[in-house]
Amino acid sequence: MLITRKAEFSASHVCARPDWSEEQNRLVYGAAANPHGHGHNYSLEVTLEGEPDPATGMIFDLKALKEIVNHQVIDALDHRHLNKEVKPFDHIVPTVENVAIEIWNRLAPQFPAGGPAKLRNVRLYETDDLYVDYAGGELS
Amino acid sequence: MIRLTRRYRFSASHRLHSDRFSAAENADLYGKCNHPYGHGHDYVLEVSVTGPVDPKSGTAVLLPALDELVDKWIVQPFEHRDLNTEVPEFAQRVPTSENLVDVIEERLKANWTAYFASQWPRLEKIRLQETQRNLFERTI
């Protein structure tokens, strides 16, 4: 069975590589390459997979999940400039793909093998009209 | 691998009517959708692609290219148009949303390589919302 917890954070970013020309950055990132940055209201959906504990009837304590998401992700990213304030985006472009992968990497150690639930999927909305799903595993 | 989903919108009119059936059969089969002068919807289209994340750009898809592809071949030709009379594929096909999903798939596939030269990203899913209560989805 799957359970999903939602959370939101707002952050600014610039999607551009300093070693690329302005033209190349615009080709790859469009308006997201504008040099002074811009922001989004990100919406995050964290999905866990497990079976309900027969005693509690719960897969995972949702209060604990909320605290994990807040502590590992929201507190670090909310109202921050991702490139300037959040590692590893000082040297990795904070595309929606990379932000989702970073969120996965921050959350995954909280759900070790043998625990009550495993991390199944991270869905990150950058806007209402753009989101990515990352379920771990090989990137290339 | 990561999956990226982008949402697009267009408003169009259509009328469900098939020459294979009599007027009475059409009225019975398609109900209100067979009313003689057509009607319209605010369609919401979701296009999902999958691919590896390029380590340099941090992207799985060249988003400006995907936007240009969908805008040129889907949104612009359908936006504020009558599907029956202004979209050639519907000269011989009833513009149900099932058929519209198929036409969208055909158009995206036919023009895909002009925008994406390598094997990635791959078109994975098309999801079309005709109204807030009617959803049509095909995994490619």
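Worth saying up front: this structure is predicted, and the values here are computed from it rather than measured.

Caption draft 1: Here's a closer look at the overall build of chain B. Assigned secondary structure in chain B consists of four helices and five strands. Once the C-alpha set of chain B is aligned to its principal axes, its extents read approximately 60 × 25 × 25 Å. The proportion of buried residues among the 140 residues of chain B is 24%. Counting contacts in chain B only where the partners sit at least 6 residues apart, residues at least 24 apart contribute 69% of the total.

Caption draft 2: Representation of the overall build of chain A within the structure. Looking only at helices and strands, chain A has four helices and five strands in total. In chain A, the order of α-helices and β-strands from amino to carboxyl end is β-α-β-α-β-α-α-β-β. Considering only C-alpha atoms, chain A reaches an extent of 60 × 30 × 25 Å along its principal axes. Partitioning the contacts of chain A with sequence separation of at least 6, the portion at a separation of at least 24 is 70%.

Caption draft 3: Expanded view of the interface of chain B and chain A. The partner chain A presents 19 residues to the 16 residues of chain B that form the contact. Where the side of chain B that touches chain A is concerned, the elements lending two or more residues are β1 (2-14) and α2 (63-78) of chain B. Per element, the largest residue contribution to the side of chain B that touches chain A is six residues, and it comes from β1(B). Class assignment of the residues belonging to the side of chain B that touches chain A gives a composition of nine nonpolar, four polar and three charged. Relative to β1(B), strand β5 (residues 130-134) of chain A runs antiparallel, the two being bridged by four bridges. Bridging across to β1(B), A:Asp133 finds its partner in B:Arg3.

Caption draft 4: Highlighting the confidence of the model for chain B. Scored by pLDDT, chain B has a mean of 96; 100% of the residues are at 70 or more. This prediction of the complex comes with two scores: 0.92 for pTM and 0.88 for ipTM.

Caption draft 5: How the structure looks around unusual backbone geometry. A cis geometry characterises the amide bond from A:Lys87 onward to A:Pro88, with omega recorded as 10 degrees. Summarising the element assignment, A:Pro88 is placed in the loop between α3 (82-85) and α4 (96-107). Omega for the bond connecting B:Trp120 with B:Pro121 falls within 30 degrees of zero, at -5 degrees, which places this linkage in the cis form. Note on placement: B:Pro121 falls in the loop between α4 (97-115) and β4 (122-131).

Quick notes on the rules
- Residues numbered from 1 in each chain as written.
- Chains lettered and ligands numbered in written order.
- Predicted model: local features only at pLDDT ≥ 70, side-chain atom pairs only at ≥ 80, totals over all residues.
- Helix = DSSP H or I, 4+ residues; strand = E, 2+ residues; numbered from the N terminus.
- Buried ≥ 20, exposed ≤ 12 C-beta atoms within 10 Å, placed from the backbone.
- Contact = placed C-beta atoms within 7 Å.
- Nonpolar A, V, L, I, M, F, W, Y, C, P; charged D, E, K, R; others polar.
- Pairing = 2+ DSSP bridges.
- pLDDT = per-residue confidence, 0-100.

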